[in-house]
Amino acid sequence: METAPIDPSTPHSARVWNYWLQGKDNYPADRAVGEKLKEMMPSAVISARADREFLERVVNHMVRDRKVTQFLDVGTGLPTANNTHEVAQAANPSSRIVHVDNDPLVLAHARALLTSTDEGSTDYLHADVHDPEEILTGARGTLDLRQPVCLMLLGVLNYVVEQDDAVRIVRHLVEPLASGSHVVVGHPTGEFDPEGMQKLLELWNDANPAPMRARNRDEVTELLAGLEILEPGVVSCSRWRPNQGTLYAGRDVSQLAAVARKP
């Protein structure tokens, strides 16, 4: 797909997320919106950090417990600490990872996402979640879809506003994957702080041409129709199999998480 120029005057979700995670790859417009969003909903930053912790836990679970060593990470975001390829290859150096994002700034930093062990492999695709076939075509250059793959959809389906479209996209991405593949979803929700989430969405959608929405448990469950949802089900990401080091294990954050297996 054609690469759009970086527009520092328009906030982008990947860069706002990077700011909340204390990264350096963001612009004044991203920081300004990030601060406004944080004022409206202070828990948004906690949700971002809890989501990053969830990523680390779930990738380790996939590699160590499920023996899945191929990852298709759609909506990667800007490189920070504990990126998918770093976690996966630390657990198994032969892991293969394809990162996907549509932000030109992520593309500019893609080299940081392409570091790899000698035994494994990483790739980066500049593509959009709204075009699942382009993602699958590009992923086949690195991943063997005849073997189990973990499809990561963290903080990206919220930019697919229509529920039917989101269901269709997930189904399209899952259809060619082998039995034993898994789908990981992380999604903002208004279930725990409806007023704060509503204000956050209004501010974001007023300031950004890429609209965003929240989903509830039933809607996230529908995204995984036909798959076997693992315990503990669709929960706040802080409550998905927390370990001793999980910072927010005892509280709900405004980010739902679920992991499902393809039969």
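Summary of the structure given here.

Rules used in this analysis
Residues numbered from 1 in each chain as written. Predicted model: local features only at pLDDT ≥ 70, side-chain atom pairs only at ≥ 80, totals over all residues. Heavy atoms only, no water. Helix = DSSP H or I, 4+ residues; strand = E, 2+ residues; numbered from the N terminus. Buried < 20%, exposed > 50% of the residue type's maximum accessible area, 1.4 Å probe, protein only. Contact = heavy atoms within 4.5 Å. Areas by Shrake-Rupley, 256 points an atom, 1.4 Å probe, with all protein chains shown as cover. Lys, Arg positive; Asp, Glu negative; His and termini not counted. Charge placed at Lys NZ, Arg CZ, Asp CG, Glu CD. Arc of directions from axis to C-beta. Core = buried A, V, L, I, M, F, W, Y, C linked by side-chain atoms within 4.5 Å. Pairing = 2+ DSSP bridges. Polar contact = N/O pair within 3.5 Å; in protein donor to acceptor, adjacent residues only side chain to side chain. Disulfide = S-S within 2.5 Å.

**Here's the deal with the overall build of the protein chain**
Thought 1: Of regular secondary structure, the protein chain possesses 10 helices and eight strands.
Thought 2: For the protein chain, the C-alpha atoms occupy an extent of roughly 45 × 40 × 35 Å along the three principal directions.
Thought 3: Residues classed as buried in the protein chain amount to 54% of the 263 residues present.
Thought 4: In the protein chain, once contacts between residues fewer than 6 apart in sequence are set aside, the share between residues at least 24 apart is 74%.
Thought 5: For the protein chain, the accessible area works out to roughly 11300 Å², and carbon and sulfur atoms hold 49% of it.
Thought 6: The positive charge centre, built from 26 side chains, and the negative charge centre, built from 37, are 5 Å apart in the protein chain.

**Thoughts on helix H7 (residues 132-139)**
Think of an α-helix as 3.6 residues a turn; residues three or four steps apart then line up on the same face.
Thought 1: For H7, the complete set of buried residues consists of Pro132, Ile135, Leu136 and Ala139. Taken down its axis, H7 places every buried residue within 95° of arc, on the same side.
Thought 2: Against strand E1 (70-74), strand E2 (96-101), strand E3 (121-126) and helix H8 (163-174) lie the buried residues of H7.

**Brief notes about the nonpolar core**
Thought 1: Residues Leu72, Val74, Val100, Leu151, Leu153, Leu157 and Val183 are the most contacted members of the largest nonpolar core, which totals 35 residues.
Thought 2: Taken together, the elements giving at least two residues each to this core come down to E1, E2, H7, strand E4 (150-154), H8, strand E5 (182-188), helix H10 (217-223) and strand E8 (255-261).
Thought 3: Sorting elements by how many residues they give to this core places H8 first, with six residues.
Thought 4: Other than its neighbours up to four places away in sequence, valine 74 contacts Val100, Val129, Ile135, Leu151, Met152, Leu153, Leu154 and Val156.

**Here we look at the pairing of E8**
Thought 1: The buried count for E8 comes to six of seven residues, which makes it a mostly enclosed element.
Thought 2: The sheet contact formed by E5 and E8 spans seven bridges and is antiparallel. Bridge pairing in E8 places proline 188 opposite glutamine 255.
Thought 3: One ladder, built from two bridges, connects strand E7 (residues 235-236) with E8; its direction is antiparallel. What sits directly across from valine 235, in E8, is alanine 257.

**Some remarks on the environment of alanine 29**
Thought 1: Looking at where alanine 29 falls in the secondary structure, it is placed in helix H2 (residues 28-40).
Thought 2: Once residues within four sequence positions are removed from consideration, alanine 29 is found in contact with Pro8, Ser9, Thr10 and Pro11.

**Concerning the side chain of threonine 122**
Thought 1: For threonine 122, the location among the structural elements is in strand E3.
Thought 2: The exposure class of threonine 122 is buried, given its relative accessible area of 12%.
Thought 3: At 2.9 Å, the side chain of threonine 122 and the backbone oxygen of leucine 114 are in polar contact.
Thought 4: Those residues in contact with threonine 122, other than ones at most four positions away along the chain, are His85, Gln89, Ile97, Leu113, Leu114, Thr115 and Ser116.

**Observations regarding unusual backbone geometry**
Glycine aside, residues mostly have negative phi angles, and peptide bonds mostly take the trans form.
Thought 1: Cis geometry is adopted by the peptide bond preceding proline 232, which originates at glutamate 231 and carries an omega value of 10°.
Thought 2: Positioned with a positive phi, lysine 67 is a non-glycine residue whose angle comes to about 60°.
Thought 3: Within the secondary structure layout, lysine 67 lies in the loop between helix H3 (43-65) and E1.
Thought 4: We note that arginine 241 has phi near 45°; this positive angle belongs to a residue other than glycine.
Thought 5: With respect to the element layout, arginine 241 can be found in the loop between E7 and E8.
Thought 6: Residue arginine 241 is classed as partly exposed on the basis of its relative accessible area, which comes to 34%.

**Describing the environment of phenylalanine 71**
Thought 1: Inspection of the secondary structure puts phenylalanine 71 in strand E1.
Thought 2: The buried category is assigned to phenylalanine 71, whose relative accessible area is 0%.
Thought 3: The sequence separation of phenylalanine 71 and valine 45 amounts to 26 residues, and the corresponding C-alpha distance is 26 Å.
Thought 4: For phenylalanine 71, the residues in contact, after removing those within four places along its chain, are Val59, Met62, Val63, Thr84, Ala88, Arg96, Ile97, Val98, Leu143, Cys150 and Met152.

**Quick look at the state of the cysteines**
Thought 1: Per the stated rule, a full pass over the model turns up zero disulfides.
Thought 2: Cysteine 237 provides the cysteine sulfur closest to cysteine 150, a residue in no disulfide bond, and the two sulfurs are 15 Å apart.
Thought 3: Accessibility expressed as a relative area gives 0% for cysteine 150, which makes it buried.
Thought 4: Note on cysteine 237: relative accessible area 0%, which makes it buried.

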